[in-house]
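Descriptive structure summary
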Amino acid sequence: MNTVLVTGGAGYIGSHACKALKAAGYVPVTYDNLETGWQDAVRFGPFERGDLLDRARLDEVFAAHKPIAVMHFAALSQVGEAMSQPGRYWRNNVEGSLTLIEAAVAAGCLNFVFSSTCATYGEHDNVVLDENTPQMPLNAYGASKRAIEDILRDFEAAHGLRHVIFRYFNVAGADPEAEIGEHHRPETHLIPIMLEAIDGKRDALTVFGTDYDTPDGTCIRDYVHVSDLVDAHLLGLQWLLDDKGSKVFNLGTGSGFSVREVIDHSRTVTNREVPYVTGPRRAGDATKLVSGSMRAEQELGWKPSRSDLRTMIADAWRWHEAGHYDK
């Protein structure tokens, strides 16, 4: 009776959640189609290959494992792609999540932890976001996640599906033991791109815009260590198992770090220079995007311990040096 179905468990955040679930005494069952995930990352419980849009396959997995809860990470998440291919995002993220939710309800699995995003808020430049900030997503990625949140609320009203929703910005770092880590193809996130530049796997990191109204002229973004993030998801799971009500929680530092700060800290951590060039601002980039986490701290008892910049880069670098997934 301690099995948790983890969709996207072969991906970056999902695999870390599986490791944390196993350490906490749960049996994480990964459900993943491996489109962006890695089978080598599935190390902590059973693996079931399947697509969110395949209701028959989902029914088989629910019947076989009888999970007490779902942790839903599986989603397409590239903003640029969402702008150019919105239909793909609505179909995969929304229709796929609806199919999963219907399968969970049919199986009597009524505890649902959902990995959402602060992209549901849209552009609130230089504001510390909280759970009451108006949601005005700017693209199909943020809009699809907001739609899933709405579906969860409707299914609670109709079927008693209790849920915890987490909204956050950038995830960074890696498993401190370097068993698993961040590995995307292609890579689009700042810290792994920076480490690739340091390691000679790309020519240089490009810093887009150096004239923003920030202390050093570069954009500020909020980062949360992946281990801290999945700790919050486990607390959300326990929240539901303790029969508490559905809730939304933001996860962030409330301050964020600039691009130059990330570069400067990487020099200290790796003892190497960062090859980088500067470029013009990218359209749509905000000056500062950060989120608070007061509700999560006060109600969940979430206390991030690894979300300082030095630790996130050090853990990411340890994983970067240890190797990557083969398949």
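Below you will find a few notes about this structure. (Residues numbered from 1 in each chain as written. Predicted model: local features only at pLDDT ≥ 70, side-chain atom pairs only at ≥ 80, totals over all residues. Heavy atoms only, no water.)

**A look at the sheet that holds strand β15 (residues 288-291)**
Sheet strands line up and pair through hydrogen bonds in the backbone, either parallel or antiparallel. Our working definition: Only when DSSP finds a minimum of two bridges between them are two strands counted as paired. Going along the chain from the N terminus, every DSSP run of H or I of four or more residues is numbered as a helix, and every run of E of two or more is numbered as a strand.
The mixed open sheet is built from four strands, whose spatial order is β6-β15-β10-β13. Edge positions in the open sheet fall to β6 (128-129) and β13 (257-258), since each of these has one partner strand only. As judged from the two bridges shared by β6 and β15, these two strands associate in the parallel manner. If you follow leucine 129 over to β15, its bridge partner there is serine 291.

**Brief notes about empty space enclosed by the protein**
This is how the line gets drawn: Lining residues are those with an atom within 4 Å of a point, where the points come from a 1 Å grid over the protein atoms alone and group into cavities, where a 1.4 Å probe fits but cannot get out, or pockets, open sets with protein on both sides within 12 Å along at least five of seven lines. Grid points are joined across faces, edges and corners, and a volume is the space filled by probe spheres set on the points. Asp, Glu, Lys and Arg are counted as charged, while Ala, Val, Leu, Ile, Met, Phe, Trp, Tyr, Cys and Pro are counted as nonpolar; the rest, among them Gly, fall into the polar class.
According to the stated counting rule, one finds one cavity of 30 Å³ or more in the structure shown. In this structure, the largest cavity occupies an estimated 130 Å³ of space. Around the largest cavity, the lining comprises 16 residues; the ones closest to its centre are Glu182, Pro192, Trp319, His320 and His324. Of all elements in the fold, only α6 (190-198) and α10 (309-322) reach the threshold of two or more residues within the lining of the largest cavity. Residue contributions to the lining of the largest cavity peak at four residues, all from α6. A breakdown of the residues in the lining of the largest cavity according to their chemical character gives seven nonpolar, four polar and five charged.

**Thoughts on the sheet that holds strand β4 (residues 69-72)**
We count it as follows: Every axis in this analysis is a line fitted to C-alpha atoms, fitted for helices over the stretch in contact. Angles between the N-to-C directions lie between 0 and 180 degrees. Residues count as neighbours in contact if any of their non-hydrogen atoms are within 4.5 Å of one another.
Read from one edge of the open sheet, seven strands run β3-β2-β1-β4-β5-β7-β12, paired in parallel fashion. In this open sheet, the two strands that pair with only one neighbour each are β3 (47-49) and β12 (247-251). Averaged over all pairs of adjacent strands, the angle between their axes in this sheet comes to 20 degrees, without regard to strand direction. As judged from the five bridges shared by strand β5 (residues 111-115) and strand β7 (residues 162-168), these two strands associate in the parallel manner. Counterpart to serine 115 in the pairing with β7 is phenylalanine 166. Here helix α4 (residues 86-106) sits on the sheet and contacts β1 (3-7), β4 and β5; the angle it forms with β4, its principal contact strand, is near 170 degrees.

**Some remarks on the side chain of serine 258**
Test applied: The buried label applies to any residue whose accessible area, calculated with a 1.4 Å probe on protein chains only, is under 20% of its type's maximum; exposed applies above 50%, and partly exposed to all values in between. Polar contact is the term for a pair of N or O atoms within 3.5 Å; when the atoms are in protein, one must be able to donate a hydrogen and the other to accept it, and sequence-neighboring residues count only if both atoms are side-chain atoms.
Along the chain, serine 258 falls in strand β13. On the basis of relative accessibility, which here comes to 3%, the residue serine 258 falls in the buried class. Polar contacts involving the side chain of serine 258 include one to the side chain of aspartate 216, which spans 2.5 Å. Sequence-distant contacts of serine 258, that is, excluding residues within four places in its chain, are made with Asp216, Thr218, Cys219 and Ile220.

**Structural notes on the nonpolar core**
What counts here: By nonpolar core is meant a set of buried Ala, Val, Leu, Ile, Met, Phe, Trp, Tyr and Cys residues that side-chain atoms within 4.5 Å join together.
With 39 residues, the main nonpolar core has Val4, Ile13, Leu21, Met71, Phe166, Leu237 and Leu251 as its most contacted residues. Among the secondary structure elements, those contributing two or more residues to this core are β1, α1 (12-23), β4, β7, α7 (226-241), β12 and α9 (294-300). When residues no more than four places from it in sequence are discounted, the contact partners of valine 4 are Leu21, Tyr26, Val27, Pro28, Val29, Pro67, Ile68, Ala69, Met71 and Leu237. Core analysis: the next-biggest nonpolar cluster, separate from the first, contains 25 residues, Tyr31, Ile101, Ile151 and Leu161 among them.

**A word on the pattern of salt bridges**
Just so we agree on the cut-off: A carboxyl oxygen of Asp or Glu within 4 Å of a side-chain nitrogen of Lys or Arg is what we treat as a salt bridge.
By the definition in use, this model includes 22 salt bridges. As a salt-bridge pair, arginine 88 and glutamate 35 come within 2.2 Å of each other at their nearest N and O atoms. With arginine 88 in helix α4 and glutamate 35 in the loop between β2 (27-32) and β3, the pair connects residues that are 53 residues apart, well separated along the chain. For glutamate 35, a relative accessible area of 45% translates into the label partly exposed. The network of salt bridges with shared partners includes Lys19, Asp175, Glu177 and Glu179.

**Considerations on the packing of aromatic side chains**
Aromatic rings considered in pairs are described by the distance between their centres and by the relative angle of their planes. Selection criterion: Two rings from Phe, Tyr or Trp (for Trp, the six-membered ring) form a pair when their centres sit within 6.5 Å of each other. Planes less than 30 degrees apart are called stacked, planes more than 60 degrees apart edge-to-face, and all others tilted. We call a charge positioned over a ring when the NZ of a Lys or the CZ of an Arg lies within 6 Å of the ring centre and within 35 degrees of the ring normal.
Scanning all chains against the criterion turns up three aromatic pairs. Note on tryptophan 239 and phenylalanine 249: the rings are 5.6 Å apart at their centroids and 85 degrees apart in plane angle, and the pair reads as edge-to-face. On the criterion of sequence distance, the pair formed by tryptophan 239 in helix α7 and phenylalanine 249 in strand β12 is long-range, its members being ten residues apart. We classify tryptophan 239 as buried; its relative accessible area is 11%. Given the relative accessible area of 0%, phenylalanine 249 is considered buried. For the cation-ring pair, arginine 281 lies above tyrosine 212, with the distance from its terminal atom to the ring centre recorded as 3.9 Å.

**Quick notes on the environment of arginine 221**
With respect to the helices and strands, arginine 221 occurs in strand β10 (residues 220-221). The spacing of arginine 221 and glycine 279 is 58 residues in sequence and 18 Å in space, taken between C-alpha atoms. The residues contacting arginine 221, other than those within four sequence positions of it, are Asn170, Gly256, Phe257, Asp285, Ala286, Thr287, Lys288 and Leu289.

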